[in-house]
Amino acid sequence: MTILLFFPIVGSITKKDPMLKKRDDFEDMLEERRNSSDLRYALKCYTPVLYKGLTPCKVSELKQMVLQSDQLGYVITQVSKEKGVTSDEVTGEAAAILEEMAQRLQLSTVRFFAFTLSKVFKTLFRSICINEEGLQRLQQAIHNHPVVLLPSHRSYMDFLLMSYILYTYDLALPVIAAGMDFMGMKVVGEMLRMSGAFFIRRSFGGDKLYWAVFSEYVKIMLKNGYAPVEFFLEGTRSRTAKSLTPKLGLLNIVMDPFLKGEVFDISLVPVSISYERTLEEALYARELLGVPKPKESTSGLFKARKILSEDYGSIHVYFGQPVSVRSLAESRVNRSQFNLIPRHIPTRPSEEILSFVNDSAYRLVRAQEENMVLKPWVLLAFVLLQKQAAEEKQGTALDELTEQAVWLRDLSRQYGAFLHWPDHIPPSEVVSSSLSLHRGLVRISEGRVQLALEQETRGAITPEEELLNKAVVILSCASYRNQALNVFIRPALLASAIHTAASNRKQEIYNSFSFLRNMFSNEFILCPGATVQDFEEACYLLVKTGTLQINQQEVLITERGHRTLAFLTSVLDPFLQGYQVREMHTQRHSVVFNTNGLTEKQFIPAVRKFIIKHLLTGSLLKCRLRYTEVLSSDLQKNALAALIRLGAVQKIKGYVGFTHLHVHVGLIG
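Just so it is clear, the model here is predicted, and its values are computed rather than measured.

Visitor: It is not clear to me how the overall build of the chain should be interpreted in this structure. Could you clarify?
Guide: Regarding its fold elements, the chain presents 26 helices and 16 strands. Counting only residues that meet the buried cut, the chain has 54% of its 669 residues in that class. Of the contacts formed within the chain by residues at least 6 apart in sequence, a portion of 78% connects residues at least 24 apart. Accessible area of the chain: about 30000 Å², with a carbon and sulfur share of 54%.

Visitor: Help me out: how do you make sense of the confidence of the model for the chain in this one?
Guide: Should pLDDT be low for a region, the predicted coordinates there are not to be read in detail. This prediction gives the chain a mean pLDDT of 88; 88% of its residues lie at or above 70. Note that residues 591–595 has pLDDT below 50 and, in this model, 10 contacts with residues that lie over four places away or in other chains. With pLDDT under 50 throughout, residues 654–669 is counted as low confidence; its partners more than four residues away or in other chains account for 58 contacts.

Visitor: Got a minute to help me understand the sheet that holds strand β10 (residues 396–397) in this structure?
Guide: For sheets, the rule is that strands pair by backbone hydrogen bonds, running either parallel or antiparallel. With antiparallel pairing, 3 strands are arranged side by side in an open sheet as β10-β12-β11. Edge positions in the open sheet fall to β10 and β11 (442–445), since each of these has one partner strand only.

Visitor: How should I be thinking about the side chain of D24 in this particular structure?
Guide: Structurally, D24 can be placed in the segment before β1 (27–28). With residues near it in sequence (within four places) discarded, D24 still touches N131, E133, G134, R137, Y318 and F418.

Visitor: When you look at the environment of A178 in this model, what are you seeing that I'm missing?
Guide: Residue placement: A178 occurs in strand β4 (residues 175–179). Relative accessible area serves as the criterion here: at 10%, A178 is assigned to the buried category. C-alpha separation for the pair A178 and L192, spaced 14 residues apart in sequence, amounts to 9.2 Å. With residues up to four places along the chain from it excluded, the contact list for A178 reads A197, F198, F199 and I200.

Visitor: Quick question: what am I supposed to make of the nonpolar core here?
Guide: Across soluble globular proteins, nonpolar side chains have a tendency to be buried as a group. Ranked by size, the top nonpolar core spans 94 residues in total, and within it W377, L451, F488, L494, F520 and L572 carry the most contacts. Apart from residues lying up to four places away in sequence, F488 is in contact with F382, L408, L411, S412, Y415, F567 and L568. Judged by nonpolar contacts, the second largest core, of 60 residues, contains A212, Y217, F356 and A361.

Visitor: It is not clear to me how a negative patch on the surface should be interpreted in this structure. Could you clarify?
Guide: There is a patch of like negative charges on the surface, built from D25, E27, E31, E32, E132 and E133. Elements with a minimum of two residues in the negative patch: α1 (30–34) and α7 (132–144). Tracing the backbone shows E32 in helix α1.

About the criteria used
- Residues numbered from 1 in each chain as written.
- Predicted model: local features only at pLDDT ≥ 70, side-chain atom pairs only at ≥ 80, totals over all residues.
- Heavy atoms only, no water.
- Helix = DSSP H or I, 4+ residues; strand = E, 2+ residues; numbered from the N terminus.
- Buried < 20%, exposed > 50% of the residue type's maximum accessible area, 1.4 Å probe, protein only.
- Contact = heavy atoms within 4.5 Å.
- Areas by Shrake-Rupley, 256 points an atom, 1.4 Å probe, with all protein chains shown as cover.
- pLDDT = per-residue confidence, 0-100.
- Pairing = 2+ DSSP bridges.
- Core = buried A, V, L, I, M, F, W, Y, C linked by side-chain atoms within 4.5 Å.
- Patch = residues over 30% accessible without salt bridge, like charges linked within 9 Å, V, L, I, M, F, W, Y side chains within 5 Å.
- Salt bridge = Lys/Arg side-chain N within 4 Å of Asp/Glu carboxyl O.
- Lys, Arg positive; Asp, Glu negative; His and termini not counted.
- Charge placed at Lys NZ, Arg CZ, Asp CG, Glu CD.

Below, the structure written as structure tokens:
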């Protein structure tokens, strides 16, 4: 059944113009470091403002508070009965978990890192720019309420950078949730622990004792104002520079003290960290092509010293407005439900709470995205990737590339992008400077620019190796383009909907928009239940920029709008082709899958092998493969999730505990 939707004429929508969004100014924190002693800086008097002026308890006292908590005591009693062992034995197990997990923050170690990182950062980066107004807001929040810091996660550097900034500005140092991988780095792992890191398993399974120790540890640190708690909402580093679907476990834990009335409020602070050039760009690209992630080790850290000879441009760190959990929950959550059960008895969150936490998580990731600073290279990456897909073998003339970058600059600003483009410098110089910084990804010859797909190799290589080497460059470049996808995604979905709809009727275009949005809900941060709002936002932006005219029934393209729509549809093309290839692969091999099944771990390499074969032979049933990006494991996983959600693929639990995939009718045209 089609639901008819009656949208207001977009020109009359009372919507805040994204161009009018006020953002703080930046200051370069490295400027002072370059002009004064690093040793004096590291040994400075450090007197941070603390929560309500309280003196933090000792690490040993914190552990005792966890082990003596009512909730952990309740779980210990349960586990001892289930296992048929004494409570003392389970308590000993809980103490061992806590010992393995707990941080041991020591100022002396922090001072060592402050000295070392000053040297490293001044070598690697031209500037580290901070919005100091955001730090002032953070300082006030730390004094008034427990604080949770939520940085974006694009690099190993993120959590070191966060602590470095807070130490520099005399703010309370955070305790940081870190993966157990880092604990395996002998000396460095312990130093991270003494800098505030606490180590947790990537997965708890059904280990209720581990979960109880972990959740109590985090909540007690938060409730008692021990330190701001820091974790990454996305759960892991984004290898693609797109925001990942937020993980809800830790956010659920830190909201719990407010929901149960144990604290008046909690401040959630989204932090956006933008790298002009990412240290791990090639490493990430190889991971997306199936090369295993290197194990974290101290020896690996020392081998990485060669990066110190490179120029990585600037970093921008934007501390967003603190978000009050009390304000988020107002009229959303009935907290009286928590009065029905004693607080120390752990319970599964209700559907109402899960929905609230999920909506809050998406809102916070959107806040991170909106304050990510985009550099000119991000726009150049759009142009160069589109030229590469169009197989323009001669490259693009430098003046043409500059003209297209300036056009994109103006468009992205109209869409509300936080763009750092120095307007006092001629555009040609801005473009040349960006190309110089990323010279490993581009080749300039006789005034023409193209991606550096022809890399020097030692000895003969196979066609497959040559293809994968080219893919490393393309995926590295795509990781920069992806930084701006949040700016263009809603208009791009509308442009693609207009392109695919059978007519220009608004309802039909909305239906197409809704389908595409649902299909890409794992690929981009699209808030659940906000389809109408996203459609209206996209309409507003395209009308405001003169691309469309919209009345009550129809959507019309203006004469000047064709260029914008062509660009916006090309934004989604690599993703659409990735999903089409995934569906073609499942259709071709449906007989095999229905007979034997495949685990998800087998499925990704099988699809990659299928794609490589057709990229090398240049043949595919429904379409010519134009985008090497379809090799990305991230794109393949998201496409698989979409096919399962849309009913094209069914997920069945196998007899031996593996997840198998069985293919049904394809849904993507």
